[in-house]
Amino acid sequence: MTAPLLDVKGLKRHFPTESPLFGAKRFVKAVDGVDLAIGKGETLGLVGESGCGKSTLGRLIARLDEPTAGEIVFEGRDIARLDDRALLPVRQSIQMIFQNPFASLNPRMTVGAILEEPLIIHGKGDRSKRRRRVMDLLGQVGLRPDHVDRYPHEFSGGQRQRIGIARALALEPDLIVCDEPVSALDVSIQAQIINLLQRLQRELGLSYLFISHDLSVVEHISDRVAVMYLGRIVEEADAVEMYRRPLHPYTEALLSAHPEPDPLAVSREIILEGGVPSPVNPPAGCHFTTRCPYVQPRCSETTPPLVDHHPGHKARCLRLDEIEGNRLTEGARTVEHKS
Amino acid sequence: MNALATIPDRIDMADPIPVLSVSGLKTRLFLKDGVLPAVDDVSFSVMPGETLCIVGESGCGKSMTALSIMRLLPRPVGRITGGSIMVDGVGDLAELSERQMRRVRGNHISMIFQEPMTSLNPVFRVGYQISEAIRVHHRVSASEARDRAIDMLEQVRIPLPAERYRSFPHQLSGGMRQRVMIAMALAGRPKLMLADEPTTALDVTIQAQILKLMNELKREIGMSLVLITHDLGVVAKMAQRVLVMYAGVVVEEADANSLFARPLHPYTQGLLRSIPRPAVRRERKGEIDTIEGTVPALTALPTGCRFSDRCPMVHEPCRKLEPPLASPDDIAAPHRKVRCWLHASPPQ
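Residues numbered from 1 in each chain as written. Chains lettered and ligands numbered in written order. Predicted model: local features only at pLDDT ≥ 70, side-chain atom pairs only at ≥ 80, totals over all residues. Heavy atoms only, no water.

Looking at an unreviewed UniProt entry, one finds chain A named Dipeptide ABC transporter ATP-binding protein and attributed to Aquibium carbonis. Listed under Subcellular location (unreviewed entry) in UniProt, the entry text for chain A is "Cell inner membrane". Heading Sequence similarities (unreviewed entry) of the UniProt record for chain A holds this comment: "Belongs to the ABC transporter superfamily." (UniProt positions renumbered as here; feature names shortened; annotations may be inferred.)

Right, dumping it as structure tokens:
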């Protein structure tokens, strides 16, 4: 197998909390030992609930934040500890799209200026070449040439996200970290943006890290999916495999709680008790013990490793072999729509 | 005579007449740059024990409809300019004074919102806020209100209710805060709850908890529910009947099964096709069907049908005349309604 485009190993980001007057300093372990890889032209979906660390992980990979420990190997080179100057060429190759396109676009700049800015910073071409590139970008994301002199507030949410995508494409990146790119959009607009992202991937050979809490969107767009819970990846598999046969009890509960847009869908739902524990003081051993319907005392004693359970299907659970035959949701996901 | 005297405390449960019956509701927003028809000729009713979902995209008027019913429109810009809001045992809410409305809110209808943090007072303990709601509706002593508040917390399945009584809103998670809001909304034992995107801000596993709770409470109390959401998954799970809104009007009304199995309005069809449903998701990376364009601004509605500029099936009368919301004339479905010239004959 060829080396992946991105190979993340043992990545950690610990944020210090307000330290108590006495006693040990405490940390929010937002990302706590993550391994993942993304191949060329591949989409890795990253799902999890709020506070699980998925956005922090995305920001680390785009190097908008500095990791506490671990490696981020991009095109064979560890970029985890590069300083700003050394990062400049890397930033061309890794770009980011944000959830709220309005907050991430400067309201005082025209669309043309927004799209030209990265080209200027990275010294790409002269004025007329840059202008041509900007017009190309507008066309690529489905905006009109006359949009170039308008300001962000003149656009709808979907169009603003198109501007955000065009800006991310300006420097011809290899990898785009998409952090909840369609979550703020209406359903009918979501589909337009998803189609656009997929078309751009086909045309430009892009790789995506697609971060989302929307399980349907992730299933549709991803080649592989990783599930995150309290700073750790708890399961990773091919998208089809993951949704057909979730292994980790958290993934199983998450998928079963996702309401299908079909009133005839018979899904056996696992309702988890309580909420996600505080990442400052996560449960010992497996972090999911406080909510897991299959929990046993030994789950709190050791941290389960993320290991292959089926070929290419990794999960972080000690009891997988025992619970495999006694699933709470046997066949829950075999939802067929009666036509 | 005081009109309040005619408002009974409780409504008869076994009554087959609707709990709420909205007819021809018109709500206008009077802004600097013009008058916006936020809600236009909206009619529907809610039967005892029923869950009605109102679904639509942002700006379609679903929240404005709920705020009109509660008479909580932003003042002074929002005003009900037509129609009636009949509540069983109360009368027409559109005609009531603010003082009379205060007796209706909580006692007959209550409402919960998307972000519970903005609806809770951050400087008071949640228990106090619930007992305050109880004392508004019932003449009870402070300690009795406290006991009832703890009962309410227990009823919404909050663990350690007596301890949680003393919590401040910021000490609770989003799901717990929404439970507190539901407890407050139930304090006056209303016959109807309006819930405006109650789980939109919550994670999917917490959403599942809250939806389950609302269904259980509905059964326990015998309450009706109007659930406003943009999430068709939530609609499929909760609704008996569905109202689809677009640009201020109802475009389709049907029982949930029929709506999902055979949507009639091209907008409903487009909406259902544009979510990656299981069948679509399995052919991964394929194009998802979309609705072209965006929702029109209320200041610039197309003439005729409001969906005409995005509709793939647009034809002759659509751009001239607004279709009525009526039973379809091409299929036998007397309980369904659709606002589309494909299912109605335009006047000659």
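Following the structure, the description resumes.
Trainee: Explanation requested: empty space enclosed by the protein in the structure shown.
Mentor: If you roll a probe as big as a water molecule over the atoms, it shows you where there is empty space left. Enumeration according to the criterion identifies seven cavities of 30 Å³ or more in this entry. Along the walls of the largest cavity sit 15 residues, with Pro249(A), Cys286(A), Cys292(A), Cys299(A) and Cys317(A) positioned nearest its centre. Residues that form the lining of the largest cavity fall into these classes: 11 nonpolar, two polar and two charged. Considering only enclosed or pocket space, the second largest cavity measures out at about 80 Å³ in volume. Surrounding the second largest cavity, 13 residues form its lining, Cys305(B), Cys311(B), Val314(B), Cys318(B) and Cys340(B) being those nearest its centre. Residue composition of the lining of the second largest cavity, grouped by class: 10 nonpolar, three polar and no charged. (1 Å grid on protein atoms, 1.4 Å probe; cavity = no way out; pocket = protein on both sides within 12 Å on 5 of 7 lines; lining within 4 Å. Points joined across faces, edges and corners; volume = space filled by probe spheres on them. Nonpolar A, V, L, I, M, F, W, Y, C, P; charged D, E, K, R; others polar.)

Trainee: Would you explain the sheet that holds strand β4 (residues 78-87) of chain B in this entry?
Mentor: Two orientations exist for strands paired in a sheet by backbone hydrogen bonds: parallel and antiparallel. Residues and elements named next belong to chain B. Strands sit in the order β2-β1-β4-β5 across an open sheet of four strands; the sheet is antiparallel. The outermost strands of the open sheet, each flanked by one partner alone, are β2 (34-46) and β5 (91-92). Of the pairings in the sheet, the one linking strand β1 (residues 20-31) to β2 comprises nine bridges and is antiparallel in character. Paired with Thr27 across the strands is Val39, a residue of β2. (Pairing = 2+ DSSP bridges. Helix = DSSP H or I, 4+ residues; strand = E, 2+ residues; numbered from the N terminus.)

Trainee: I would appreciate a short explanation of the side chain of Glu42(A) in the present structure.
Mentor: Relative to the helices and strands, Glu42(A) is located in the loop between β2 (27-38) and β3 (43-47). One polar contact links Glu42(A) to Arg224(A), side chain to side chain, over a distance of 2.9 Å. (Polar contact = N/O pair within 3.5 Å; in protein donor to acceptor, adjacent residues only side chain to side chain.)

Trainee: I tried to follow the interface of chain B and chain A on my own but got confused; where do I start?
Mentor: Where interface size is given, it is often the accessible area lost as the parts come together that is meant. Taken together, the 41 residues of chain B in the interface contact 45 residues of chain A. A combined buried area of about 3700 Å² lies between chain B and chain A, and 54% of that area is made up of carbon and sulfur atoms. Applying the counting rule to chain B against chain A returns two salt bridges. With a closest N to O distance of 2.5 Å, Lys237(B) and Glu269(A) form a salt bridge. Of all the elements in the fold, those that place two or more residues in the side of chain B that touches chain A are α8 (204-221), α9 (232-238), α10 (256-261) and α12 (278-282) of chain B. Looking at side-chain class alone, the side of chain B that touches chain A contains 15 nonpolar, 12 polar and 14 charged residues. (Contact = heavy atoms within 4.5 Å. Buried area = accessible area lost by both parts, 1.4 Å probe. Salt bridge = Lys/Arg side-chain N within 4 Å of Asp/Glu carboxyl O.)

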